[in-house]
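A look at the structure
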Amino acid sequence: MKALPRLIVTLPLIAALGACVGGEREKPQRRPTQTSGPVTPPVSPETRQCMATLGAQHAVFSPVADRYYGSGCSTVGTVKLSALNTDSTTVSVTNLGPVTCTTATPFAAWARFGVDRAAQQILGSRIISIETYGSYNCRNVAGTARRSGHATANAIDVSGFVLADGRRITVLEDWNGGTPAERRFLRVVHDSACKRFGTTLGPDYNSAHANHFHLEGDGAKFCR
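Reference entry: report on the structure contained in this document. No experiment lies behind these values; they were computed from the predicted model shown. (Residues numbered from 1 in each chain as written. Predicted model: local features only at pLDDT ≥ 70, side-chain atom pairs only at ≥ 80, totals over all residues. Heavy atoms only, no water.)

**As for empty space enclosed by the protein**
- Here the structure, examined in full by the defined rule, presents 1 cavity of 30 Å³ or more.
- Taken as a whole, the largest cavity holds about 40 Å³ of empty space.
- For the lining of the largest cavity, the secondary-structure elements that each account for two or more residues are strand 4 (78-85) and helix 3 (101-123).
- The element that contributes the greatest number of residues to the lining of the largest cavity is helix 3, accounting for 3 residues.
- Looking at the lining of the largest cavity, its residues break down into 4 nonpolar, 4 polar and 1 charged. (1 Å grid on protein atoms, 1.4 Å probe; cavity = no way out; pocket = protein on both sides within 12 Å on 5 of 7 lines; lining within 4 Å. Points joined across faces, edges and corners; volume = space filled by probe spheres on them. Helix = DSSP H or I, 4+ residues; strand = E, 2+ residues; numbered from the N terminus. Nonpolar A, V, L, I, M, F, W, Y, C, P; charged D, E, K, R; others polar.)

**What about the state of the cysteines?**
- According to the stated counting rule, one finds 3 disulfides in the structure shown.
- Residue C73 pairs covalently with C138 via a disulfide, S to S 1.8 Å. Looking down the S-S bond of the C73 and C138 bridge, the torsion is 80 degrees, so its handedness is right-handed. Of this pair, C73 sits in strand 3 (residues 73-75) while C138 sits in the loop between strand 7 (127-134) and strand 8 (155-163); the two residues are 65 residues apart in sequence, bridging distant segments of the chain.
- Residue class for C138 comes out partly exposed when judged on its relative accessible area of 34%.
- In the chain, the bonded cysteines, taken in the order they occur along the sequence, pair up as 1-3, 2-4, 5-6. (Disulfide = S-S within 2.5 Å. Buried < 20%, exposed > 50% of the residue type's maximum accessible area, 1.4 Å probe, protein only.)

**Considering the side chain of T200**
- Tracing the backbone through its elements, the reader meets T200 in strand 10 (residues 199-201).
- The class of T200 is buried, set by a relative accessible area of 1%.
- At 3.4 Å, the side chain of T200 forms a polar contact with the backbone oxygen of A193.
- Residues within four places of T200 in sequence aside, it is in contact with H190, A193, C194, H214, L215, F222, C223 and R224. (Polar contact = N/O pair within 3.5 Å; in protein donor to acceptor, adjacent residues only side chain to side chain. Contact = heavy atoms within 4.5 Å.)

**Brief notes about the packing of aromatic side chains**
- Counted by the stated rule, this structure contains 7 aromatic pairs.
- Each ring, one from W175 and one from F213, has its centre 5.8 Å from the other, and the planes form 75 degrees; the classification is edge-to-face. Taken together, the positions of W175 in the loop between helix 4 (171-174) and helix 5 (180-194) and F213 in strand 11 (residues 213-216) put the pair 38 residues apart, joining distant regions of the chain.
- Relative accessible area serves as the criterion here: at 3%, W175 is assigned to the buried category.
- Owing to a relative accessible area of 0%, F213 belongs among the buried residues under this scheme.
- Among the aromatic residues, those joined into a cluster by ring pairs are F107, W110, F161, F185 and F197.
- Over the aromatic face of W175 sits the side chain of R187, whose NZ or CZ is 4.0 Å from the ring centroid. (Phe/Tyr/Trp six-rings, centres within 6.5 Å; stacked < 30°, edge-to-face > 60°. Lys NZ or Arg CZ within 6 Å of the ring centre and 35° of its normal.)

**Things to note about helix 2 (residues 45-56)**
- Across its 12 residues, helix 2 extends 17 Å between first and last C-alpha, which sits within 8% of the 16 Å expected from 1.5 Å per residue.
- Every buried residue of helix 2 is listed here: T47, C50, M51 and L54. Buried positions in helix 2, seen along its axis, are confined to an arc of 100 degrees and lie on one side of it. Along helix 2, the residues that are exposed and aim more than 90 degrees away from the buried face are P45, Q49 and A56.
- Within two residues after helix 2, H58 carries a phi angle of roughly 65 degrees, on the positive side. (Expected span 1.5 Å × (residues − 1). Arc of directions from axis to C-beta.)

Structure follows, in structure tokens:
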């Protein structure tokens, strides 16, 4: 009978411990939080083939994750061009953001066969840099309510070229104001672009293009 008080004291303690253990088992487990970031859908077979072609042209580039910005603006199937390799030199490209692979591919061919070779034949020097005003820009065609090719990163605005001998040829200064050789060079590379891009616009199109060539891979076959 003397053991009975000890049993009475022990039973509440066991019950309390059981409640604690049960409480731990029922506590919901926290799931690890997911980090946010751009969604990268699977690359389409067409884009993979385009990137393979771009790589075969010895372009230095990296794929860019697809992004949709709304209001008809996006960067889908785009790449970041770091440099272009011509016959025997590497050409840098300035101020260029994401650009669709379908525009980057003719751009790489144009730089090698249309620009660099024309520079050698007409100006006696290779190019080492192509200067641009960029590619992606969520905006309309000037004076209209229609989205520009820049709104989907499908166009590049080229403003000038730097030669290995130090000369800098710009559309604004040299289309009409350059030497005869410089003017000829700019018209030859413009005509070459018309053969590779859907839409090619320059100073003779309107005043909005007085300082650059608009090169767009849209299949439109419009050259001005």
